[in-house]
Amino acid sequence: QLQLVESGGGLVQPGGSLRLSCAASGFTLDYSAIGWFRQAPGKEREGVSCISRTNGTTYYLDSVKGRFTISKDNAKNTVYLQMNSLKPEDTAVYYCARRLPVRSYCSGYANEYGFWGQGTQVTVSS
């Protein structure tokens, strides 16, 4: 059974940190580029970060550069998103996704990802 499960979201104060996890089962994450997306109420889903099949190549949304870090642990078949210095505008549901058809390189477009997790809520508020 193919599955992506996000976890690690929650409520934090501005300036706080969270680490999101995206655990895969039924397939190997390292076969494809994996992206993190987020969607806030009333806004379009936007690409936050992506890690290529070779995990030395990563990409970030301009507004999160220097604050977020994507990584993966192939042994655990899990991709992570470390989020530091969180801001209220980071509030959203965060999703991880696999490119489908499977591709090695990153894309920031949701339409180029065909397999998604159910999302985890991140709320940044004082």
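Here, the structure is the one placed above.
Residues numbered from 1 in each chain as written. Predicted model: local features only at pLDDT ≥ 70, side-chain atom pairs only at ≥ 80, totals over all residues. Heavy atoms only, no water.

### A look at the sheet that holds strand β3 (residues 18-25)
Then step 1. Read from one edge of the open sheet, 4 strands run β1-β3-β8-β7, paired in antiparallel fashion. Two strands in the sheet have a free side with no partner beyond their single neighbour: β1 (3-7) and β7 (68-73). Within the sheet, the average angular offset between the axes of one strand and its neighbour, ignoring direction, is 15°.
Then step 2. Of the strand pairs in this sheet, β3 and strand β8 (residues 78-83) are connected by 6 bridges, and their pairing is antiparallel. (Pairing = 2+ DSSP bridges. Helix = DSSP H or I, 4+ residues; strand = E, 2+ residues; numbered from the N terminus. Axes fitted to C-alpha atoms, helices over the stretch in contact; angles between N-to-C directions.)

### Here we look at the pattern of salt bridges
Then step 1. A full pass over the atoms with the stated rule returns 6 salt bridges.
Then step 2. For K65, the salt bridge is made with D62, and the minimal N-O distance between the two is 3.0 Å. Each member of the pair, K65 as well as D62, carries the same accessibility label: exposed.
Then step 3. Taken together, the shared-partner salt bridges connect R38, E46, R67 and D90 into one network. (Salt bridge = Lys/Arg side-chain N within 4 Å of Asp/Glu carboxyl O. Buried < 20%, exposed > 50% of the residue type's maximum accessible area, 1.4 Å probe, protein only.)

### Comments concerning unusual backbone geometry
Then step 1. With an omega of 0°, the peptide bond running from L100 to P101 counts as cis.
Then step 2. Its location among the elements puts P101 in the loop between β9 (92-99) and β10 (113-116).
Then step 3. In this model, N77 sits at a positive phi of 55°, which is unusual for a non-glycine residue.
Then step 4. Among the secondary structure elements, N77 is positioned in the loop between β7 and β8.
Then step 5. A relative accessible area of 16% places N77 in the buried class.
Then step 6. Even without glycine at this site, S85 takes up a positive phi of about 50°.

### Side note on the state of the cysteines
Then step 1. Within this structure, the stated rule accounts for 2 disulfides.
Then step 2. One disulfide in the model links C22 with C96; its S-S distance is 2.0 Å. Between C22 and C96 the sulfur-sulfur dihedral comes to about 70°; the bridge is accordingly right-handed. Here C22 is found in strand β3, whereas its partner C96 is found in strand β9, with 74 residues between them in sequence. (Disulfide = S-S within 2.5 Å.)

### Looking at a nonpolar patch on the surface
Then step 1. Judged by side-chain polarity, Y31, L100 and V102 come together as a nonpolar surface patch covering roughly 290 Å² of accessible area.
Then step 2. Structurally, the position occupied by Y31 is in the loop between β3 and β4 (34-39).
Then step 3. Given the relative accessible area of 53%, Y31 is considered exposed. (Patch = residues over 30% accessible without salt bridge, like charges linked within 9 Å, V, L, I, M, F, W, Y side chains within 5 Å. Areas by Shrake-Rupley, 256 points an atom, 1.4 Å probe, with all protein chains shown as cover.)

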